[in-house]
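Listed here are the chains, written in short residue letters.
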Amino acid sequence: MAKADDSKYNLRNVLNEKAVHNAFVVDMAMGGSSNTVLHMLAIAREAGVDFPIEKINIIADNVAHIAKISPSLTTVHMDDINRAGGVNAVMKEVSRRGGLLHLDNPTVTGETLGERIKDAKILDENIIHTNENAYSPVGGLSILFGNLALEGAVVKTAGIEPNMRQFKGKAICFNSQPEAITGIMSHKVKPGSVVVIRYEGPKGGPGMQEMLAPTALIQGMGLGDSVALITDGRFSGATKGASIGHVSPEAAEGGLIALIEDGDEIELDVDKHILQLNVSDTEIAKRKANYKPHKNEVKSKWLKRYQLLVSNASNGAVLKTEL
């Protein structure tokens, strides 16, 4: 273990663009967590690492999805992954496709990544698959772009049934998670709907509370293969289905998600990285002219400061130092 004051292995050297890239590679290989996107982008920005969100799709398109973890359409858990060789075995298998991992990058133990995983191996190929027998030839996340997500939105593709990877549906809009829960439980959401939950982003919430309840209700009511959900908020790792989060710009900063109306057609294609509101530019301009922003009541002075300074999810939801 390197000494803490050893400049060769200080955090700034370890936490660089290669390290952020490696983290996303492993995330893709293990099914992808939407929260990883938020946290790694935030860490990158605090460390001064330039890592545009668009790079995540390039990684996803080249990394095979070789390990699934419950509840992402599997009964495999992390202790099973550990018995099958662990994360090191996952990385070793990924590294067989040359160039995907930066093996020369130092780790916090003082070893390079290559040195750390050189002896790792898969002990159970039913748990950790090989590249040749992957669950999917591409990684478990997709960053979607379109007029609804000019700066990006995140979806965990590993948790989506095949029939929902391309979907068009009619919007039903809610301005908070509690409002959405009430609407879903009162059967307002029907097959073919796209549930829109807005004003739950970093500014709108304020903060991004974990929204497991709406997605769990959709699945529990048997609508998981016929209903999509989009939000400027975020999800729990237990989320599955066509649940698209981190829509940016968020509603509270004037993003198009704020202008969606019930009945609008929304289109998504996770393989082509598309999230689109199929409404004419003329109609959108009309709505913008008449738009009155919704604001959640915030009593805390600290949270009011947070609202003023926080960036959207595609920028890591970090606090700005300049307005």
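Residues numbered from 1 in each chain as written. Predicted model: local features only at pLDDT ≥ 70, side-chain atom pairs only at ≥ 80, totals over all residues. Heavy atoms only, no water.

**Concerning the overall build of the chain**
Worth spelling out the cut-off: Runs of E in the DSSP output that reach at least two residues are strands. Runs of H or I that reach at least four are helices, and both are numbered from the N terminus. As a reference, a globule follows 2.2 Å times the number of residues to the power 0.38, and the radius of gyration itself is taken over C-alpha atoms. Any two residues having at least one pair of non-hydrogen atoms within 4.5 Å are treated as being in contact. Computed with the Shrake-Rupley method and a 1.4 Å probe, the accessible areas treat only the protein chains shown as cover for residues. None of His or the chain ends enter the tally, which takes Lys and Arg as positive and Asp and Glu as negative. Charge placement uses NZ in Lys and CZ in Arg. For Asp and Glu, CG and CD serve respectively.
Across its full length, the chain carries 11 helices and 8 strands. A compact globule built from 323 residues should have a C-alpha radius of gyration of about 20 Å, and the chain, at 20 Å, falls within 12% of that. In terms of overall dimensions, the chain has C-alpha extents of about 60 × 45 × 35 Å along its principal axes. Partitioning the contacts of the chain with sequence separation of at least 6, the portion at a separation of at least 24 is 71%. Surface summary for the chain: the accessible area is close to 15,000 Å², and the carbon and sulfur share equals 52%. Side-chain charges in the chain split into 35 positive and 38 negative, and the spacing between the mean points of these groups amounts to 4 Å.

**Examining helix H6 (residues 86-95)**
Test applied: Residue exposure (1.4 Å probe, protein chains only): buried if accessible area is under 20% of the type maximum, exposed if over 50%, otherwise partly exposed.
Within H6, 7 of the 10 residues are buried, leaving the element largely enclosed by the surrounding structure. Lining the buried residues of H6 we find helix H2 (17-29), helix H5 (78-83) and helix H7 (113-117).

**Remarks on the environment of leucine 150**
The topology assignment puts leucine 150 in strand E2 (residues 149-155). Spatially, the C-alpha atoms of leucine 150 and valine 247 are 8.6 Å apart, while their sequence positions differ by 97 residues. Among residues more than four places away in sequence, those in contact with leucine 150 are Phe145, Ser248 and Pro249.

**Brief notes about the pairing of strand E5 (residues 228-231)**
Selection rule: For two strands to be treated as a pair, DSSP must find at least two bridges joining them. Here the term right-handed applies to a crossover when the path leading from its first strand over the helix to its second strand runs clockwise, the strands being oriented away from the viewer.
Both faces of E5 are covered, namely the face carrying Ala228 and Ile230 and the face carrying Leu229 and Thr231. In terms of strand pairing, strand E4 (residues 193-197) meets E5 through 4 bridges, oriented parallel. Across the sheet, residue valine 195 finds its bridge partner in E5, namely leucine 229. In the classification by handedness, the crossover that spans E4, the intervening helix H9 (residues 212-220) and the parallel E5 is right-handed. Where E5 and strand E6 (residues 243-248) come together, 2 bridges link them in parallel fashion. Residue leucine 229 lies in a different strand from E6, and its bridge partner there is serine 243.

**Comments concerning the packing of aromatic side chains**
Short version of the rule: Whether two aromatic rings pair depends on their centres lying within 6.5 Å, for rings of Phe, Tyr and Trp, where Trp uses its six-membered ring; planes under 30 degrees apart make the pair stacked, over 60 edge-to-face, and the rest tilted. Note on criteria: charge over ring means Lys NZ or Arg CZ within 6 Å of the ring centre, with the direction from the centre no more than 35 degrees off the ring normal.
Tallying each qualifying case throughout the model produces 2 aromatic pairs. Pairing tryptophan 302 with tyrosine 306 gives two aromatic rings, centres 5.8 Å apart and planes at 20°, and the pair type is stacked. With tryptophan 302 and tyrosine 306 both in helix H11 (residues 301-309), this residue pair falls 4 residues apart, about one helical turn. Residue tyrosine 306 is classed as buried on the basis of its relative accessible area, which comes to 15%. The residue whose ring lies beneath lysine 55 is phenylalanine 51, and the NZ or CZ to ring-centre distance is 5.3 Å.

**A few points about the pattern of salt bridges**
Quick reminder of the rule: Each reported salt bridge corresponds to a side-chain nitrogen of Lys or Arg within 4 Å of a carboxyl oxygen of Asp or Glu.
This structure, assessed with the given rule, holds 13 salt bridges. Residues lysine 55 and glutamate 17 are paired through a salt bridge, measuring 2.4 Å at the closest nitrogen-oxygen approach. In this pair, lysine 55 sits in helix H4 (residues 54-60) while glutamate 17 sits in helix H2, placing the two residues 38 residues apart along the sequence. Between aspartate 264 and arginine 287 there is a salt bridge, with its nearest N and O atoms 2.6 Å apart. Residue aspartate 264 is found in the loop between E6 and strand E7 (265-269), and its partner arginine 287 is found in helix H10 (residues 281-289); the two are separated by 23 residues along the sequence. Summarising the burial analysis for this pair, aspartate 264 and arginine 287 share the class buried. Ionic contacts of the salt-bridge type, sharing partners, join the residues Glu261, Asp264, Glu283 and Arg287 into one network.

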